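# Structural overview
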Amino acid sequence: MSFSMLHHDLLAVRTHRVRLMLQGAGWLLIGVGVPWALNFSIQGLWVLASIDVVLVVAGTIVLWSARNDHLRLGWILLISCAYLATSSLAFFLDVPDGKHPRSVHLFLLSLAFASYLMLQLERRILYLGVPILCMATFLVFASSSIGYQLPFAIPEAHRAANAWFNNLSAMVCLFIVMVLMHADIRVRTALEADLHAGLEQRQLVLHYQPQVDVDGRILGAEALVRWNHPLRGLVPPNEFIPLAEQCGMITAVGRVVLEAACLQLVEWSKNPDRAHLTIAVNVSAIQILEGTFVKEVTSVLDRTKADPTRLKIELTETMFANDLDDIIAKMAALRARGIAISLDDFGTGYSSLNYIKRLPLDQLKIDKSFVDDVLTDPSDAAIARTVVSLSQNLGLHVIAEGVETEAQRAFLESIGCKAYQGYLYSKPLAAADFEQFVQNWARTRHPHVRIVSGLESGGGKPRGA
Ligand code: C2E
Ligand code: MG
Ligand code: MG
């Protein structure tokens, strides 16, 4: 496999696939619909012609959505139209009689595999449920003569041609989907091997983004992993964490991250300027669901001799859709060791006040998406206020992430949020740059001063220093 293929991350490859499949399917719907619509119109079979017109319209919208990056709209429309059209044609018009077998249901097989490919990034209920529904419907039509013959049946002369046409195009569709699946597996396998090598060669590095309190003191940092790829450069976590989660490598990645963060804490503990700093580590749902998670964290702490009270673990709401009691027990065990637990991206998942009160938490993190428009969108401001008062009522700390401007910070302070993280202070920095940042920060007297330093810092001049 050429490196140019590897150069795309899996997400980009998938997005590209979905776009290609939507384009192919859009043209197919138009290509099938137009000749049949014309054919049936000439014969005055208006109901049949109008079904084909619907296919042409759906095909056009699917093409439009693929071109304009409305991929979700595209696949929802495509899968529902294709499923409904195929099933109703199979049930009402393509009912097998003694002479002609049913054929249109064969498209359901291609649809099952295509939807499995297209919905990979969706929830499990969708990427497994839709293909299973298609295959179950296929099975019913293939193994029975179930159907209701409408008065305007397909003319006898067309049925034989129809069967040939359907069988052939369904086979071509299936073949195309298989080729795409194979290409997908190749990209994925190559990326997995690449990540394996990356882990072995210690290419994963942590960057640190400062967390600052209302008086302008640096409380600590969030550790954000990057893959320092020899050819691709610094790869952001969103481009490989989902892959690591899918291929079972997230536990190894998580272990490396935790170990690096603990070693960093030990380093900082030797320097009076940094000894007070905490490190927040992100943990995936798959990691915490592993039976050995608590033992692993404990053994890393024991091995590195890091102070557990300086370590924070960030969980996300989505993981609470899993075995809640198990996760609560693990969180309690971690807290018993002195580790703090923060709820990341709060408000973006399926927040339920019912589980929040049951969780042994220390901190809520107001998600960046609310902070972004907190000054302009009254709903986001209301959500931020609610999260702050919820945390106050539950006795939890609260921190806002993605704070980019002083005005946002001031607003957050006015509603009672006393800790902030975001580009206002700094982008995530390599360890050495972060240490420099802390040192420079200590020299400035003013709270909420931005110091630009390090590899990743964007433009902008230090203010007020
Ligand atoms: P997160 O935990 O919500 O991290 C915050 C993300 O927002 C980081 O992106 C950070 O760089 C970015 N950010 C912070 N402040 C600002 C700001 O003011 N403006 C803007 N535009 N962005 C800001 P990053 O580093 O790309 O991380 C993305 C996500 O990847 C993280 O979201 C986290 O869910 C995940 N991640 C990062 N490191 C790890 C890790 O070690 N393990 C796991 N499982 N996930 C990780
Ligand atoms: Mg986080
Ligand atoms: Mg977050």
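Residues numbered from 1 in each chain as written. Chains lettered and ligands numbered in written order. Predicted model: local features only at pLDDT ≥ 70, side-chain atom pairs only at ≥ 80, totals over all residues. Heavy atoms only, no water.

Next up on the list: the overall build of the protein. Each helix and strand in the protein was counted, giving 17 helices and 10 strands. Expressed along its principal axes, the backbone C-alpha trace of the protein runs to roughly 90 × 50 × 45 Å. Per-residue burial for the protein yields a buried fraction of 49% across its 465 residues. Element-wise, carbon and sulfur atoms account for 62% of the exposed surface of the protein, whose accessible area totals about 22,200 Å². Where the 40 positive side-chain charges of the protein centre and where its 43 negative ones centre are 2 Å apart. (Helix = DSSP H or I, 4+ residues; strand = E, 2+ residues; numbered from the N terminus. Buried < 20%, exposed > 50% of the residue type's maximum accessible area, 1.4 Å probe, protein only. Areas by Shrake-Rupley, 256 points an atom, 1.4 Å probe, with all protein chains shown as cover. Lys, Arg positive; Asp, Glu negative; His and termini not counted. Charge placed at Lys NZ, Arg CZ, Asp CG, Glu CD.)

Our focus in this paragraph is the coordination of the magnesium ion (ligand 2). Protein-derived ligands of the magnesium ion (ligand 2) are E222 (OE), N282 (OD1), E314 (OE) and D344 (OD), with the metal-ligand distances lying across 2.0 to 2.2 Å. In this model, the magnesium ion (ligand 2) sits 4.0 Å from the magnesium ion (ligand 3), the two metals being bridged by D344. Separated by 30 residues along the polypeptide, E314 in strand β5 (residues 311–316) and D344 in strand β6 (residues 340–346) bring together distant segments of the chain. There is no split in this pair, since E314 and D344 are both buried. (Donors = N, O, S within 2.8 Å, 3.2 Å for Na, K, Ca; no water.)

Okay, the site of ligand 1 next. Taken together, 22 residues lie around ligand 1, and R226, S284, D344, E404 and Y423 are the ones closest in. Within the side chain of S284, an N or O atom sits 2.9 Å from a nitrogen atom of ligand 1. Between an oxygen atom of ligand 1 and a side-chain N or O atom of E401, the distance comes to 3.5 Å. Alone, ligand 1 offers 800 Å² of accessible surface; in the complex the protein occludes 83% of this. Of all the secondary structure elements, the ones that give two or more residues to the shell around ligand 1 are β2 (218–229) and β6. Tallied by class, the residues present in the shell around ligand 1 amount to 8 nonpolar, 6 polar and 8 charged. (Near = heavy atom within 4 Å. Polar contact = N/O pair within 3.5 Å; in protein donor to acceptor, adjacent residues only side chain to side chain. Nonpolar A, V, L, I, M, F, W, Y, C, P; charged D, E, K, R; others polar.)

Coordination of the magnesium ion (ligand 3) by the protein is provided by D344 (OD), D345 (OD), E401 (OE) and E401 (OE), with metal-donor distances spanning 2.0 to 2.6 Å. Mapping the donors of the magnesium ion (ligand 3) onto the primary sequence yields the spacing D-D-x55-E. Judged by relative accessible area, which is 6%, D344 ranks as buried.

Here we take up empty space enclosed by the protein. Applying the stated criterion to the full structure yields 1 cavity of 30 Å³ or more. Surrounding the largest cavity, 13 residues form its lining, G254, R255, Q287, F293 and E296 being those nearest its centre. Elements supplying a minimum of two residues to the lining of the largest cavity: α9 (250–269) and α11 (293–304). Classifying every residue of the lining of the largest cavity by side-chain character gives 6 nonpolar, 4 polar and 3 charged. (1 Å grid on protein atoms, 1.4 Å probe; cavity = no way out; pocket = protein on both sides within 12 Å on 5 of 7 lines; lining within 4 Å. Points joined across faces, edges and corners; volume = space filled by probe spheres on them.)

Here we come to the domain arrangement of the protein. Structurally, the protein comprises domain 1 (6–190) and domain 2 (203–444). Placing a centre on the C-alpha atoms of domain 1 and another on those of domain 2 gives a separation of 44 Å. (Domains from an automatic or database assignment.)

What follows is about the layout of surface pockets. Quantified by volume, the second largest pocket comes out at close to 910 Å³. Together, 38 residues line the second largest pocket, and L28, L29, V32, F107 and C173 are the ones closest to its centre. Elements supplying a minimum of two residues to the lining of the second largest pocket: α2 (10–42), α3 (46–67), α4 (71–93), α5 (107–118) and α7 (156–200). No other element matches the 10 residues that α7 contributes to the lining of the second largest pocket. For the lining of the second largest pocket, the per-class residue count stands at 30 nonpolar, 6 polar and 2 charged.

On inspection of all chains with the given rule, the structure shows 20 salt bridges. A salt bridge links R159 to D94; the shortest N-O distance between them is 2.9 Å. With R159 in helix α7 and D94 in the loop between α4 and α5, the pair connects residues that are 65 residues apart, well separated along the chain. The two residues R159 and D94 agree in class, both being buried. The residue D213 makes a salt bridge to R217 at a minimum N-O spacing of 3.2 Å. The exposure class of D213 is buried, given its relative accessible area of 9%. Connected via shared salt-bridge partners are E222, E314, K365 and E401. (Salt bridge = Lys/Arg side-chain N within 4 Å of Asp/Glu carboxyl O.)

This part covers unusual backbone geometry. Phi angles above zero are rare outside glycine, and K305 is one such case at about 65°. As for its placement among the helices and strands, K305 is situated in the loop between α11 and β5. When its relative accessible area of 67% is taken as the criterion, K305 is described as exposed. Located in the positive-phi region is D345, a residue other than glycine, with phi close to 50°. Relative to the assigned elements, D345 resides in strand β6.

One buried charge, D344, has no salt-bridge partner; the nearest side chain with opposite charge is K365, at 4.3 Å. When sequence neighbours within four positions are dropped, the list of residues in contact with D344 reads E222, N282, E314, L315, T316, E317, K365 and E401. (Contact = heavy atoms within 4.5 Å.)

Along the chain, C247 falls in the loop between α8 (241–246) and α9. A C-alpha to C-alpha distance of 9.0 Å links C247 and R188, two positions 59 residues apart in sequence. Discounting residues that sit within four places of it in the chain, C247 has contacts with R188 and E192.

This next bit is on the pairing of β6. The buried fraction of β6 amounts to 5 of the 7 residues, a majority that puts the element mostly inside the structure. Here 5 bridges tie β5 to β6, and the two strands are oriented parallel to one another. In the strand pairing of β6, E314 is matched with S342. Bridge analysis of β6 against strand β7 (residues 363–366) gives 3 bridges, and the strand direction is parallel. Across the sheet, residue F346 finds its bridge partner in β7, namely I366. (Pairing = 2+ DSSP bridges.)

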